[in-house]
Amino acid sequence: MSSVSEGATPGFLVWRLSMKWRVAVDRAVAPLGLTHAQYSLVASLYGMDRAGRRPSQRRLADHTGLEPLYVSKLARALETAGIIDRTRDPADPRAVQLSLTKEGREVTRRAIRVVQGLLDQLLEPLGGLDGERTSAFSRELLTLLDVPLDAQPEADARSENDAHPKEQS
């Protein structure tokens, strides 16, 4: 076991694994002209397109968990690179729909293959992509992802600060 993980909280371990994964994907997709965040967008868009959906930027933001403003910024950069098209939604002129260009589909297919190789490598210690431990790990991650975010921790922090006011100088 890594010395980094000794005594670490689950939150810290999730963060470290997330950062490790982000760095690995960034390095792997850089030769294709993508970043990890851009890959997340185009891979999600690719999957949605295959399911017959042409999402708005907002729907893609909800799907990826990225902030809508960040998705807009990424989409503009990907449009400039010729990877995606951004068009006004005929049903809602305020909404922008996204789709992959022909070049974008090819780059995305290549990127998905590269990232699939990383996933196989990362999950090898758990028995590989089809391993029992991997399935259990995925179920646990889904359980955590289903926990709603709320403002309770912030409220607890305010209560704690109220109970122990800072000294005035």
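Data block above holds the structure.
Computed from a predicted structure; not experimentally measured.

Definitions and limits used
- The numbers attached to residues start from 1 for each chain and follow its sequence in the written order.
- Only residues with pLDDT of 70 or above have their local features reported here, since the model is predicted, and side-chain atom pairs are shown and tallied only from 80 upward, although totals for entire chains, interfaces and linings are computed over all residues.
- The side-chain values count all of the structure's non-hydrogen atoms but skip hydrogen atoms and water molecules.
- Only Phe, Tyr and Trp rings are paired, with Trp represented by its six-membered ring, and only when their centres lie within 6.5 Å; those with planes under 30 degrees apart are stacked, over 60 edge-to-face, the remainder tilted.
- Only DSSP runs of H or I covering at least 4 residues are called helices, and only runs of E covering at least 2 are called strands; the numbering of each starts at the N terminus.
- Only protein chains enter the accessibility calculation, which uses a 1.4 Å probe; a residue is then buried when its area is under 20% of its type maximum, exposed when over 50%, and partly exposed in between.
- Working rule for helices: expected span equals 1.5 Å times residues minus one.
- The contact rule is simple, with two residues in contact once any of their heavy atoms fall within 4.5 Å.
- Between the N-to-C directions of two axes lies an angle of 0 to 180 degrees, each axis being a line fitted to C-alpha atoms and, for a helix, fitted only over the stretch in contact.
- Should an angle fall under 35 degrees it is called roughly parallel, over 145 degrees roughly antiparallel, and 65 to 115 degrees roughly perpendicular, with every other angle called oblique.
- Left-handed describes a crossing whose near helix is turned anticlockwise from the far helix through less than a right angle; right-handed describes the clockwise counterpart.

Asker: Would you mind showing me how to read the packing of aromatic side chains here?
Answerer: Geometry of an aromatic ring pair is reported as the spacing of the ring centres plus the angle between the planes. All chains considered together, the criterion is met by one aromatic pair. Geometrically, the ring pair formed by F12 and W15 is tilted, given 5.9 Å between the ring centres and 40 degrees between the ring planes. Of the two residues, F12 and W15 both sit in helix α1 (residues 10-29), three residues apart, roughly one turn of that helix. Residue F12 is classed as partly exposed on the basis of its relative accessible area of 31%.

Asker: Hey, could you run me through helix α4 (residues 68-80) in this one?
Answerer: Because the α-helix completes a turn every 3.6 residues, residues three or four places apart line up on one side. A rise of 1.5 Å per residue sets the reference length of α4, with its 13 residues, at 18 Å; its end C-alpha atoms lie 18 Å apart and thus fit the reference within 8%. Among all positions of α4, only V71, S72, L74, A75 and L78 are buried. Considering only its buried residues, α4 is in contact with α2 (36-50), α3 (57-64), β1 (84-89) and β2 (92-100). Note on α4: the residue one or two positions beyond its end, G82, has a positive phi of about 80 degrees.

Asker: What is the right way to read the packing of α3 against α4 from this model?
Answerer: Any two packed helices are characterised by how steeply their axes cross, that is the angle between the axes, and by the distance between the axes. Put simply, α3 and α4 touch, their axes get as near as 9 Å, and they point 115 degrees apart. By the angle between their axes, α3 is roughly perpendicular relative to α4. Here α3 and α4 pass one another in a crossing that is right-handed. Contact residues: α3 offers Q57, R58, A61 and T64, while α4 offers P68, V71, S72 and A75.

Fair warning: the whole summary comes from geometry, so function is off the table for now.
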